[in-house]
Amino acid sequence: MSNANVEQVASSVSSVVIRIAGDSGDGMQLTGDRFTQETAVFGNDLATFPNFPAEIRAPQGTLAGVSSFQVHFADHDILTPGDRPDVLVAMNPAALKANLADVPKGATLIVDTRDFTTRALARVGWSSNPLEDGTLDDYQVHAVDLTQLTLDALAGTELSRKDAGRSKNMFALGLLSWMYSRPVEGTLEFVRTKFASKPDIAEANVAAFKAGWNFGETTEAFGVAYEVKPAAVPAGTYRNINGNTALAYGLVTASQRSGLPLFLGAYPITPASDILHELSKHKRFGVRTFQAEDEIAGIGAALGASFGGALAVTTSSGPGIALKGETIGLAVSLELPLVICDIQRGGPSTGLPTKTEQSDLLQAMFGRNGEAPVPIVAPNSPGDCFDAALEACRIALTYRTPVFLLSDGYIANGSEPWAVPSLDDLPDLHVEFQTEPNGTGDDEGTYLPYLRDPETLARPWAVPGTAGLEHRIGGIEKADRTGNISYDPDNHDFMVRTRQAKVDGIADSIPQLEVEDPTGDARVLVLGWGSTYGPIGAACRQVRQTGASVAQAHLRHLNPFPSNLGDVLAAYDRVVIPEMNLGQLATLVRAKYLVDALSITQVRGLPFKADELAEMLLGVINHD
């Protein structure tokens with residue numbers, strides 16, 4: 001291989017999808033995250049999809065142990081991390097085997113050849129070397145011993161071969177950064193800061209990164225560098241953000257806009273734990289985080305904080321939500337504000353802890369004993385988690401009710417550019433506590449804890465210790481107005497129906513459902529919720545590019561539904577509902593609106609591919 005006077009060619013492309021894959025623990029997520037951060041700084045629109053095993057350190061060299069990070073970046077607006085990678089960086093045979101089926105013919109493969117031994121190949125089910133037997137003939141293959149190149153670059157350091165070899169992910173990052181003209185200063189600063197206490201490790205990673213960059217610039221194997229120009233976006237301040245961070249920022253913002261201290265009672269669980277980690281950093285904003293000994297204690301503490309006048313939040317995933325069910329019902333009965341963040345994952349039981357799914361919708365709707373209605377809000381993208389958190393808090397505080405916020409692993413861990421909002425655009429969530437007795441007539445001078453606001457049906461919220469406003473709380477049914485324990489059948493019927501009416505009435509304060517129907521003549525409507533927004537939107541774009549018409553609508557509010565949903569559904573001949581479950585929204589829509597919706601389902605722990613949805617939609621359109 002000659003490194004002298006290699007003539008480089010620059011090629012402009014509009015978008016690229018890159019997937020980096022290797023053993024869990026070998027820095028694939030860090031590598032992808034750093035590439036993403038520099039891409040955000042450069043100004044491209046982007047979307048990411050981290051994918052990793054549940055084990056902290058999965059078996060090395062096995063298919064089950066493969067960790068990957070996919071980033072899609074472009075010079076225009078994009079909606080998904082991409083269906084299939086244009087470039088796959090595979091750090092071992094397992095990474096190549098696990099991801100090859102997703103790579104289209106003609107795509108680029110960059111393969112670290114170091115571990116392509118007979119034993120390693122057999123471990124993943126290959127009887128011969130795919131680099132030599134023709135398996136990869138349809139791809140543009142760069143078979144390079146990245147590990148040895150990294151070791152050579154660090155030969156002058158005092159690191160052991162094992163420690164030096166761990167820097168191969170930085171070599172790969174340097175090579176990709178050269179290939180796609182990414183900025184480098186931020187990464188170099190990040191590395192030196194991250195390993196500030198271990199300067200030898202820091203400089204080794206810097207050297208490996210620079211060696212990867214120089215390798216791309218000088219070797220004949222990579223004669224083409226690609227340019228993806230910045231995307232045209234509205235003016236503003238942007239940052240790259242993932243869903244869990246955006247959700248945490250939304251909760252802190254709601255606390256500031258309401259004037260209430262934020263209290264989080266939580267037990268760590270994948271993929272919700274990062275919200276706890278992030279909120280614990282913001283004590284200066286009056287945030288208090290409590291890592292409880294279990295899920296029940298976490299929500300119990302949060303509900304107690306709500307009784308005490310705080311903006312209370314609890315976070316979990318499906319298994320934890322099951323444990324919280326009784327206390328959620330208690331919050332319904334007490335009619336206190338509480339935000340329950342369910343970051344959904346594959347189930348049932350422990351299921352697929354690090355994979356995504358939308359299968360907790362019916363649990364959020366009905367997963368409690370008795371008639372215990374709870375409003376449900378669902379974000380549609382990582383950045384939208386900020387707005388969804390604000391909306392969940394608004395509903396909880398305004399209507400004195402627990403509220404579900406249904407995110408999932410796909411958008412919780414994924415990232416995108418996020419426009420930092422102006423303070424003037426944020427809602428006023430200020431709360432008026434009851435400070436004086438509210439009784440009238442025979443109840444003059446007394447406090448009636450269940451005397452309701454005539455518009456919202458919310459009961460008053462009194463901070464414990466307020467003179468003259470003493471009242472009891474508990475799970476036994478309350479009498480209307482007085483809040484005394486009541487076993488009266490008519491009172492129970494009235495209270496159950498009133499709590500339902502309160503939730504139903506939230507529909508008056510939420511926006512009408514908007515429909516994207518560019519031509520105005522579509523006969524098929526695609527209805528989605530949550531993280532299917534990106535794949536559905538990308539699929540609809542593909543359908544329209546063929547000349548066909550299709551309409552799209554996406555639900556943020558799932559309980560209650562927007563008041564015009566019935567009219568929207570009735571305006572189309574066919575309604576298609578794609579979900580990462582077995583048809584839970586479709587079940588609700590069919591029951592409430594008697595619409596024979598076509599349910600498209602997937603429970604693979606992975607998001608929908610836009611091109612597969614587009615093909616299905618074209619089939620529905622052409623068939624009808």
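Residues numbered from 1 in each chain as written. Predicted model: local features only at pLDDT ≥ 70, side-chain atom pairs only at ≥ 80, totals over all residues. Heavy atoms only, no water.

Trainee: It is not clear to me how the confidence of the model for the chain should be interpreted in this structure. Could you clarify?
Mentor: The predicted coordinates ought not to be read in detail in places where the model reports low pLDDT. On average, residues of the chain score 95 in pLDDT, and 98% of them reach the 70 mark or higher. With pLDDT under 50 throughout, residues 1-6 is counted as low confidence; its partners more than four residues away or in other chains account for 10 contacts. (pLDDT = per-residue confidence, 0-100. Contact = heavy atoms within 4.5 Å.)

Trainee: Explain the sheet that holds strand S2 (residues 15-23) to me, please; I cannot follow it from the model alone.
Mentor: Adjacent strands of a sheet form backbone hydrogen bonds with each other and so pair up, either parallel or antiparallel. With mixed pairing, the six strands of this open sheet are ordered in space as S3-S4-S2-S5-S6-S7. On the outer flanks of this sheet lie strand S3 (45-51) and strand S7 (140-144), each paired with one strand and no other. For this sheet, the mean inter-axis angle between neighbouring strands, taken without regard to orientation, is 10 degrees. Two strands pair when backbone bridges link them, and strand S6 (residues 108-112) and S7 are joined in this way by five bridges, in the parallel orientation. In the sheet register, Val111 faces S7, and the bridge partner there is Ala143. Packing against the sheet, helix H6 (residues 168-179) makes contact with S2, strand S5 (87-90) and S6, and its axis sits at approximately 155 degrees to S6. (Pairing = 2+ DSSP bridges. Helix = DSSP H or I, 4+ residues; strand = E, 2+ residues; numbered from the N terminus. Axes fitted to C-alpha atoms, helices over the stretch in contact; angles between N-to-C directions.)

Trainee: I keep staring at the sheet that holds strand S12 (residues 311-316) and nothing clicks. Help me out?
Mentor: Reading across from one edge, S11-S10-S12-S13-S15-S14-S20 is the order of the seven strands in this open sheet, with mixed pairing throughout. Two strands bound the open sheet, and with one partner strand each, they are strand S11 (287-291) and strand S20 (557-559). As paired elements, strand S14 (residues 376-377) and S20 share two bridges and run antiparallel to each other. If you follow Ile376 over to S20, its bridge partner there is Asn559. Of the strands in this sheet, strand S10 (262-266), S11, S12, strand S13 (338-344) and strand S15 (402-408) are in contact with helix H9 (residues 243-258), which crosses S12 at around 170 degrees. Taken strand by strand, helix H11 (residues 295-307) contacts S10, S11, S12 and S13, and its axis lies near 165 degrees from that of S12.

Trainee: Sorry, what's going on with helix H12 (residues 318-334) here?
Mentor: Turn by turn, an α-helix covers 3.6 residues, leaving residues three or four places apart pointing in a common direction. Look at H12: 23 Å from first C-alpha to last across 17 residues, which is about the 24 Å you get at 1.5 Å a residue. Its maximal kink placed at Lys324, H12 deviates by approximately 55 degrees. For H12, the buried fraction is high: 12 of the 17 residues fall into the buried class. Every buried residue of H12 is accounted for by Gly318, Gly320, Ile321, Lys324, Gly325, Thr327, Ile328, Gly329, Ala331, Val332, Ser333 and Leu334. In the core, the buried residues of H12 are packed alongside H11, S12, S13, helix H13 (361-366), S15 and helix H16 (489-505). Where H12 terminates, the next one or two residues include Glu335, which has phi positive at roughly 55 degrees. (Expected span 1.5 Å × (residues − 1). Bend = angle between axes of the 7 residues up to and from the residue. Buried < 20%, exposed > 50% of the residue type's maximum accessible area, 1.4 Å probe, protein only.)

Trainee: Any chance you could explain the packing of aromatic side chains here in plain terms?
Mentor: Centre distance and the angle of the planes are the two values used to describe a pair of aromatic rings. Under the definition given, this model contains nine aromatic pairs. Here Phe49 and Tyr410 contribute two aromatic rings whose centre-to-centre distance is 5.7 Å and whose plane-to-plane angle is 85 degrees, an arrangement assigned as edge-to-face. Here Phe49 is found in strand S3, whereas its partner Tyr410 is found in helix H15 (residues 409-413), with 361 residues between them in sequence. Side by side, Phe49 and Tyr410 carry an identical accessibility label, which is buried. By the ring-pair criterion, three or more aromatic residues cluster together here, those being Phe35, Phe73, Tyr180 and Tyr226. Here the guanidinium or amino end of Arg182 rests over the ring plane of Phe42, the centre of that ring lying 4.5 Å away. (Phe/Tyr/Trp six-rings, centres within 6.5 Å; stacked < 30°, edge-to-face > 60°. Lys NZ or Arg CZ within 6 Å of the ring centre and 35° of its normal.)

Trainee: Please explain the pattern of salt bridges as it appears in this structure.
Mentor: As a working rule, side chains carrying opposite charge can pair if their charged atoms are close by. Applying the stated criterion to the full structure yields 22 salt bridges. Put simply, Arg84 and Glu612 hold a salt bridge, and the shortest N to O gap is 3.7 Å. Placement of the pair is Arg84 in the loop between strand S4 (66-74) and S5 and Glu612 in helix H20 (residues 610-623), with a sequence separation of 528 residues. For Arg84, a relative accessible area of 27% corresponds to the partly exposed category. On the basis of relative accessible area, Glu612 is assigned to the partly exposed category, the value being 41%. The closest approach of N and O atoms between Asp102 and Lys609, which form a salt bridge, is 3.9 Å. Taken as a pair, Asp102 in the loop between helix H2 (93-99) and S6 and Lys609 in the loop between strand S22 (598-601) and H20 lie far apart in primary sequence, 507 residues in all. Residue class for Asp102 comes out partly exposed when judged on its relative accessible area of 21%. (Salt bridge = Lys/Arg side-chain N within 4 Å of Asp/Glu carboxyl O.)

Trainee: Teacher, can you tell me more about the pairing of S4 here?
Mentor: Two faces make up the sheet, and in a regular strand the side chains alternate between them. The buried fraction of S4 is high, at nine of nine residues. Neither face of S4 is exposed, since Val66, Ser68, Gln70, His72 and Ala74 on one face and Ser67, Phe69, Val71 and Phe73 on the opposite face are all buried. Relative to S4, S2 runs antiparallel, the two sharing nine bridges. By the bridge assignment, Ile18 is partnered in S4 with Val71. Where S3 meets S4, seven bridges bridge the pair, whose relative direction is antiparallel.

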